[in-house]
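# A look at the structure
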Amino acid sequence: MAKPLPRRTLVYEDYGSAVDQIISPSSDSEFIDQLIHVLKDAASTERTATLLQSLGEYSDDREADIERIGLTRHEEFLRSVNQLQSIREETVLLTDEILKLNQSIQSSTEILAEQKQALVNTRAIRQNITDASDALRGSLNILHAVNQTHDLIRKKKYYAALKSLDDLQNEHIIPTVQNKYATQQRLADIIQKSIPASQKVISEAVMTDLNTWLFRIRETSQFLGEVAFYHTELRRTRQRKRVEDDKFMANFKLNSAIELVSDEAEEFDVLDNDELQVDFTPLFECLHIYEALGQIDKFRAEYSATRRQQKDLLLPVAVSLLEDDELSLSSLLEGITGFAIIEKATMRRAPQLRSAVDVEELWDSMCQAAVNLTSKALNDVTDAEVLLKIKGFISLFIQTMEGWGYSVAMLDNFLLTLFNKYAELLKRRFSEDFQEIVSTDDYMPMTIQSPEEYEKVVNVSWFSPEKPTHELSFPCVLPFSQMYPLCCIDIRNFLNQFYFFSDDHFQHPNVIDETLRKALDELLVDKVCKSLVERLSSQYLGQIVQILINLEHFEIACHELEQLLIRARSSTSAGGPVTLEATEQFRSNKKTAEKRIFELVNSKIDDLVDTAEYDWLAATVASETSNYMQTLTTYLANIMNSTLLGLPREIKELIYFDALSHAANKILALPLSPEVKHINPNGVAALANDVQYLTGFVDRLENGAMLKENLDELQQTINLMQSDNHDEFFDISTRNKKYGRVDAMNGPILLEKYGNVTFAHLDGTRVEPNGRPG
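Residues numbered from 1 in each chain as written. Predicted model: local features only at pLDDT ≥ 70, side-chain atom pairs only at ≥ 80, totals over all residues. Heavy atoms only, no water.

Our focus in this paragraph is the overall build of the chain. Helix and strand counts for the chain come out as 25 helices and 4 strands. Evaluated residue by residue, the chain yields a buried proportion of 41% over its 774 residues. Across the chain, contacts joining residues at least 24 apart in sequence account for 73% of those joining residues at least 6 apart. Carbon together with sulfur atoms contributes 52% to the accessible area of the chain, which is approximately 43400 Å² in total. (Helix = DSSP H or I, 4+ residues; strand = E, 2+ residues; numbered from the N terminus. Buried < 20%, exposed > 50% of the residue type's maximum accessible area, 1.4 Å probe, protein only. Contact = heavy atoms within 4.5 Å. Areas by Shrake-Rupley, 256 points an atom, 1.4 Å probe, with all protein chains shown as cover.)

In structure tokens, the structure reads:
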């Protein structure tokens, strides 16, 4: 074979080393990697052509080498061909064996495939079982969480149960919903849908517990109020003790800042003590649950409605102020107190649940109901002591609730109504007492048997004895009758009863002062003074005198009462003096009694003088004093030493003065009577004898000289009639000296009746004995 001519090559860039790198790799992947690397370098068209040229030259060189080897090693080549032939034959044999082996493997592979399929199926089942187990395990975890929640509900751990529901949703349900297991997803959906129902079960369960707590609270409200009242009463006692120790403390009332500070050492929790414990846990738990559920507004409305219902159940249809039972005022006020304390404590502990407006609204409605019920029941009360007891309950109620910050203005105003009723009953009761005392009095000076009895009477009466007790002898007689000390006792009791109402708590002491003054005035004027004045119509002089003495002492008592009222009135009352109308009434009616005494004495004098039997034309001179004159002087002496003995001296002198003046006028009227036509000297002598007897009686009296002036006209008239010169009467200067008290009109009349000679009138005319003008 001829040797091929070498190809003409063009000279380009040298890619020889690159071709060696491309050809030298042992695997196709490395070949490609090297080729790509070179191609990256041969980015342009010219370089690519150069690369192709280098590869072509490499190929030509390899072909030239093969031709050279074939020409130079022919024998070896043939040997190789033979070897290849034998190899081919062996290869054919091997191929047959391989085919047989392939068939054998084929059959084995089918069996293996079946086994593998079975294994695959087994693995799928196992995976399914694993998936089912995982799903079941996840479901069991969910169910366990659900059961745990319900178990917490059964154990009344409601907030833990609610928290467990949240954990169930966040830790189990949400991840499960995102899981690939459909079964778990369905279960999670069911559980998810049941969560609101579970939350409702929790809310209903906690509300049930709260209602049970509210029921127990309602049942214990009255006892709570009783404990609160007892604690307030203890505070009252301690405050009284502090006032006894330091009078300055009297300026500070219960619940004042000073009292609260002074009582700090005696701290007492009415909601948590040895007698009573009020646990607010159910309320707080329920509030916490509803806050967690986002239903706080609903809970607030339900709780408010429940408390209003309980308030309505707390208030009875009526209360009894006369009996101490479950319907009594004290039970009602204790129940309201317990209810209001719970409300105030709830507001302080949970302000988001109970506002001040809600609590005050309930408080006002309960106070209004209590006031209405009490006002209605007041119509049945006729005893002031019952009202005092009622006032004590209400005052204790006010002071207790004032300490809890409640407004008590309505109750304070109601105490005014209660006080007016109390004052009315007191006036009615004491009016009856005064009426009975006045009507049953014997109107005799009061006899005292012992010093002890005397001390009692002096202590209760406004009476200043002239002598100390040890200088008196018993039995002794006091000037006034028994009615006076009895009335004084009633007056003092009346004052005490009025001021009892202001004990502990009453914000209107000035009302007490003014009402007491008016009531006392009415009692003294209407029931004492007027009753005494009505009895002045009696014909019994001793009774009239005793009434006058009693009026005198009642006037003194009124002056003392005015000073007592000034000392007893509160600092809030207006200043200035206290004036009782009764004082002036007793003073003025003393004059009425004096006039009545004058009337009776003068009436008796009239009766006695009317019995006089003067014979104005007697033939002889009477040697004895007339019976009427003896009786008259005896009467005047007796009344002065007995009936009028208890009167003040000035009144006795005035009565005697008036009586003698009246007697003189009455005696003088005897000869002036139109029925008497003529009087002779014997008749005048008889009259002069009686007048002389009367004058002697008066001379023997104390202050007789002054009293005898009442007889001057009578004595001068008799002197005129017995005078030898009657014309002296008509001489102005002489008449003024000797007969100045003789009436200018009566003198001539008597002289006319007495004389038988003619005489002149004052106007100068002359009169004959027959009475005709001359």
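From this point, things continue past the structure.
Another point: the nonpolar core. In terms of nonpolar packing, the biggest core is built from 176 residues, with Leu271, Phe299, Trp363, Ile597 and Leu636 touching the most fellow members. Counting residues per element, this core draws most heavily on helix α13 (residues 409-440), at 13 residues. Sequence-distant contacts of Phe299, defined by excluding residues within four places in its chain, comprise Met207, Leu210, Leu283, Cys286, Leu287, Tyr290 and Leu353. Counting 6 residues, the second largest nonpolar core, distinct from the first, contains Leu720, Phe729, Phe730 and Val742. (Core = buried A, V, L, I, M, F, W, Y, C linked by side-chain atoms within 4.5 Å.)

A cluster of acidic side chains, namely Asp269, Asp272, Asp274 and Glu275, defines a negative patch on the protein surface. Counting through the fold element by element, Glu275 comes out in the loop between α7 (257-262) and α8 (281-292). (Patch = residues over 30% accessible without salt bridge, like charges linked within 9 Å, V, L, I, M, F, W, Y side chains within 5 Å. Salt bridge = Lys/Arg side-chain N within 4 Å of Asp/Glu carboxyl O. Lys, Arg positive; Asp, Glu negative; His and termini not counted. Charge placed at Lys NZ, Arg CZ, Asp CG, Glu CD.)

Quick look at the side chain of Asn273 now. Structurally, the position occupied by Asn273 is in the loop between α7 and α8. The exposure class of Asn273 is buried, given its relative accessible area of 10%. Looking at Asn273, its side chain comes within polar contact range of the main-chain oxygen of Val270, at 3.0 Å. A polar atom in the side chain of Asn273 sits 2.8 Å from the backbone nitrogen of Glu275. If we skip the residues at most four places from it in the chain, Asn273 touches Val227 and Phe268. (Polar contact = N/O pair within 3.5 Å; in protein donor to acceptor, adjacent residues only side chain to side chain.)

Two side chains bearing opposite charge may form a pair once their charged atoms approach each other closely. In this structure the tally under the stated criterion is 23 salt bridges. Arg428 is the salt-bridge partner of Glu424, the closest N and O atoms lying 2.9 Å from each other. You can see Glu424 and its partner Arg428 sitting in helix α13, 4 residues apart, about one turn around the helix. In this structure, the salt-bridge partner of Asp526 is Lys530, at a minimum N-O distance of 3.3 Å.

Take the packing of helix α10 (residues 329-349) against helix α12 (residues 384-402) next. It is at 10 Å that the axes of α10 and α12 come closest, and there the two elements cross at 5 degrees. Compared by their axis directions, α10 and α12 come out roughly parallel. On α12, the residues that touch Leu329, Ser330, Leu333, Ile336, Thr337, Ala340 and Ile341 of α10 are Ile390, Phe393, Ile394, Phe397, Thr400 and Met401. Of the residues assigned to the contact of α10 with α12, the class counts are 10 nonpolar, 3 polar and no charged. (Axes fitted to C-alpha atoms, helices over the stretch in contact; angles between N-to-C directions. Parallel < 35°, antiparallel > 145°, perpendicular 65-115°, else oblique. Nonpolar A, V, L, I, M, F, W, Y, C, P; charged D, E, K, R; others polar.)

A word on the environment of Ala582. Mapping Ala582 onto the fold places it in helix α18 (residues 581-610). For Ala582, a relative accessible area of 0% gives the class buried. Expressed as a C-alpha distance, the spacing of Ala582 and Leu523, which sit 59 residues apart in the sequence, is 8.8 Å. Setting aside chain neighbours within four positions, we find Ala582 in contact with Asp521, Leu524, Val525 and Cys558.

In this description, a pair of aromatic rings is defined by centroid distance and the angle of the planes. What the rule picks out here adds up to 19 aromatic pairs. Joined through ring pairs, the aromatic side chains of Phe463, Phe480, Tyr484, Phe554 and Phe586 make up one cluster. If you follow Lys604 out to its NZ or CZ, it ends over the ring of Tyr635, 6.0 Å from the centre. Arg735 extends its terminal NZ or CZ atom over the ring of Phe729, reaching a point 5.3 Å from the ring centre. (Phe/Tyr/Trp six-rings, centres within 6.5 Å; stacked < 30°, edge-to-face > 60°. Lys NZ or Arg CZ within 6 Å of the ring centre and 35° of its normal.)

This part covers the packing of helix α19 (residues 627-643) against helix α20 (residues 649-672). At a minimum axis distance of 11 Å, the contact between α19 and α20 shows a crossing angle of 170 degrees. Taken as axis vectors, α19 and α20 run roughly antiparallel relative to one another. For the pair α19 and α20, the contacting residues are Tyr628, Met629, Leu632, Leu636, Ala637 and Met640 in the first and Lys652, Tyr656, Ala659, Leu660, Ala663, Ile667 and Leu670 in the second. The class makeup of the residues in the contact of α19 with α20 is 12 nonpolar, no polar and 1 charged.

A few words on the environment of Ala637. Relative to the helices and strands, Ala637 resides in helix α19. The sequence separation of Ala637 and Phe697 amounts to 60 residues, and the corresponding C-alpha distance is 8.8 Å. Leave out the neighbours within four places in its chain, and Ala637 touches Tyr656 and Phe697.

Summing up the model confidence of the chain, the mean pLDDT is 80 and the portion of residues at 70 or higher is 80%. Mean pLDDT in the chain bottoms out at strand β3 (residues 759-760), which sits at 38, and peaks at helix α11 (residues 356-377), which reaches 91. In this model, residues 756-774 is a region of pLDDT below 50 whose contacts with residues beyond four sequence positions or in other chains number 29 contacts. (pLDDT = per-residue confidence, 0-100.)

Inspection of the entire model under this criterion finds 0 disulfides. You can see Cys529 has no disulfide; the closest cysteine sulfur is in Cys558, sitting 8.4 Å from it. The class for Cys529 is buried, based on a relative accessible area of 1%. (Disulfide = S-S within 2.5 Å.)

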